[in-house]
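What follows is each chain in one-letter form.
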Protein chains: 2
Amino acid sequence: MFPVTLEDIHHAAERIRPYAHRTPVFTSKALDKMVGGHVFLKCENLQKVGAFKFRGACNAVFSLSDKEAQNGVATHSSGNHAAALALAAQIRGIPAYIVMPKTASEVKKNAVAGYGGQIKFCKKTLASREATLEEVVDQTNATVIHPYNDYRIIAGQGTATAELLQDVPLPDIILAPVGGGGLLSGSALSAHFISPKTKVIGVEPALAADAAKSFRTGKLQPPFPPKTIADGLLTALGDKTFACIREFVDDIVTVDENEIIEAMRFVWERMKIIIEPSSAVPVAAAIKQKIPCEGKRIGIIISGGNVDLSQLPW
Amino acid sequence: MFPVTLEDIHHAAERIRPYAHRTPVFTSKALDKMVGGHVFLKCENLQKVGAFKFRGACNAVFSLSDKEAQNGVATHSSGNHAAALALAAQIRGIPAYIVMPKTASEVKKNAVAGYGGQIKFCKKTLASREATLEEVVDQTNATVIHPYNDYRIIAGQGTATAELLQDVPLPDIILAPVGGGGLLSGSALSAHFISPKTKVIGVEPALAADAAKSFRTGKLQPPFPPKTIADGLLTALGDKTFACIREFVDDIVTVDENEIIEAMRFVWERMKIIIEPSSAVPVAAAIKQKIPCEGKRIGIIISGGNVDLSQLPW
């Protein structure tokens, strides 16, 4: 049995309730027409720090005992998890040590610093990131919070789908993007416990289809070269998320880069909300009928809305 | 006494309820911090056709008797009012004749045509627009629905503030952009009837400050040259909106172009919603303290979200 239970997801929901937004579910006749079904967007782009990552980070930080918490938390990430962990730690009043490459964009550094995170610079390689993180932990005794391969994170991410299922009962399908697999794992678990007839399908850029390949081959694949515009989905699955996805996810499908960009622009233009390329990945799968959508009720987790407005793909 | 009553606004609300969205009110700690008060955005960018204009157009179209309605409605506009009138007419099942210059952008033509509007092309001058509209009316007996200088339109636009005042009781200030003055008039009337202690302040681009000048001089001013990025606010007031604004609006203040762009970008980046430059005008006034905002509760009508994503101002 997978070690995250419905009770864990409910506890996560209780734990994060005072701090996280209950994000709205948006619909659009124009999108329904494109898809041929009824689409419900769970808008985690409107979550704190602009991404679902705050749910998992917040659950992990508030799961720590006072004794553990006092030494702070640490991670290596330059993306949404870093900002999310910094904010969750700030709310709890403990330090967050964020290891990121010196070359990370100013926007990302500022986001982490803006939430009170203490940035520790490393080189761009994974080896340097891991060595720097180890040093930080040696010095501070901080608890490392992995961005996705962590049961507390998975339970936290699952709260988005749990909320969606309250607002939109019994959807036929839930689509979620898949990078490291924390969101997809949490989504699949929530659906399994709360709405077992709902199929949960991961969507991945074809240029980063390591999870789809892992899913088909049954062997955990390394990440692909970082070429997709969906920069939140570059990482490979971890052993915990892979185990969860193998057991509870129905399928993983892929979309092309121009399909991602087209879906992203469609949502911006017609629904007036800003979604990042990673969020457009499952929307593209619905629009392009990568799975049969005709007449179906389809929930889509919009993972985030953090985009560099100076570098748009059109 | 101004001829639009609280009852007219309530009737408008009843009339449009089956067709218009009850738009959400969004808040943001980041925006509150910038402003120094509590800001509530009434998100008419999430309204049908992406703008508050649908409220007035819908109220006007559904105010017509069956006999009047059967000949359809007509207007000259290439902006949000045109799309709004086309959709409202489509819903009622009557024709909408939209006069617009041949040179109008494809996006605007497509929006009107997409809602079933029948486009009648004219030259770019006001004289040609008016002559073409007259021809259309001669041929069809359609009812002309002016974009703002019309009591049904004013009552319809007032429903946005009426809803805001239900969700956010007793704000200190309501800010609305002012172009032709339909939205500002409706906002001021709703506040006057429902929350008389709330001050209503119009905000205008300094490059299109004809309404501010009309307000100060007591004499209706012609439009300024069309130079502002806030292309929804180019028109001058009409006699009806001017009369309403003189009686019920507390002040009109102005903002610069770069203040508009900065406010627009701030809302996109931090709140993940797409607002058009005209909507950023009142947000800029709050951020730049064009009126004292410290500690105040401030409602802002976000007028629309129709933006050409290929031509962003940054």
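In every chain, residue numbers begin from 1 and rise along the written sequence. All chains are assigned letters beginning at A, and all ligands numbers beginning at 1, according to the order in which they are written. Given that this is a predicted model, residues contribute local features only at a pLDDT of at least 70 and side-chain atom pairs are listed and counted only at 80 or more, while totals for whole chains, interfaces and linings are drawn from all residues. The side-chain values count all of the structure's non-hydrogen atoms but skip hydrogen atoms and water molecules.

Undergrad: So what exactly am I meant to see when it comes to the confidence of the model for chain A here?
TA: Predicted coordinates in areas of low pLDDT are best not read in detail. Confidence of the predictor at the level of single residues is captured by pLDDT, which takes values from 0 to 100. Per-residue pLDDT for chain A has a mean of 97; in total, 100% of the residues score no lower than 70. Scoring of the predicted complex yields 0.96 for pTM and 0.94 for ipTM.

Undergrad: Got a minute to help me understand the domain arrangement of chain A in this structure?
TA: Buried accessible area, meaning the area lost when the parts come together, often serves as the stated size of an interface. Residues and elements named next belong to chain A. Domain annotation of chain A identifies domain 1 (6-52 + 150-311) and domain 2 (54-144). A domain assignment, automatic or from a database, supplies the domain bounds used here. Of note, the centres of domain 1 and domain 2, computed from C-alpha atoms alone, are 24 Å apart. With 25 residues of domain 1 in contact, the opposing surface of domain 2 contributes 20 residues. Between domain 1 and domain 2, the buried area comes to about 1,700 Å², and carbon and sulfur atoms account for 60% of it. Note on contacts: a residue pair qualifies if any of its non-hydrogen atoms lie within 4.5 Å across the two residues. The buried area of a pairing is the accessible area, by a 1.4 Å probe, that goes missing from both parts when the two are put together, added over both.

Undergrad: Please explain the environment of L31 of chain A as it appears in this structure.
TA: All names here are of chain A. Segments assigned H or I by DSSP are reported as helices when at least four residues long, segments assigned E as strands when at least two residues long, and all are numbered from the N terminus. Note on placement: L31 falls in helix α2 (residues 29-35). As for L31 and N59, which are separated by 28 residues in sequence, their C-alpha atoms are 33 Å apart. Not counting chain neighbours up to four residues away, the residues in contact with L31 comprise V39, L41, F266, M271, V283 and I287.

Undergrad: Mind showing me how you'd approach the side chain of Q221 of chain A here?
TA: Residue and element names in this part refer to chain A. Turning to its location among the elements, Q221 is positioned in the loop between α10 (210-217) and α11 (239-248). Partly exposed residues are those whose accessible area sits between 20% and 50% of the maximum for their type, while under 20% is buried and over 50% is exposed, using a 1.4 Å probe and protein chains only. A relative accessible area of 14% means that Q221 is categorised as buried. The definition of a polar contact used here is a pair of N or O atoms within 3.5 Å, where within protein one atom must be able to donate a hydrogen and the other to accept one, and adjacent residues in sequence count solely through side-chain atom pairs. From its side chain, Q221 meets the backbone oxygen of K219 in a polar contact 3.0 Å long. Residue contacts for Q221: discarding those within four places in its chain leaves D210, K213, S214 and A236.

Undergrad: Which parts of the structure should I look at to understand the environment of R297 of chain B?
TA: All names here are of chain B. With respect to the helices and strands, R297 occurs in strand β10 (residues 297-302). Residue classification places R297 among the partly exposed residues on the basis of a relative accessible area of 28%. Counting along the chain gives 124 residues from R297 to I173, while the straight-line C-alpha distance between them is 6.6 Å.

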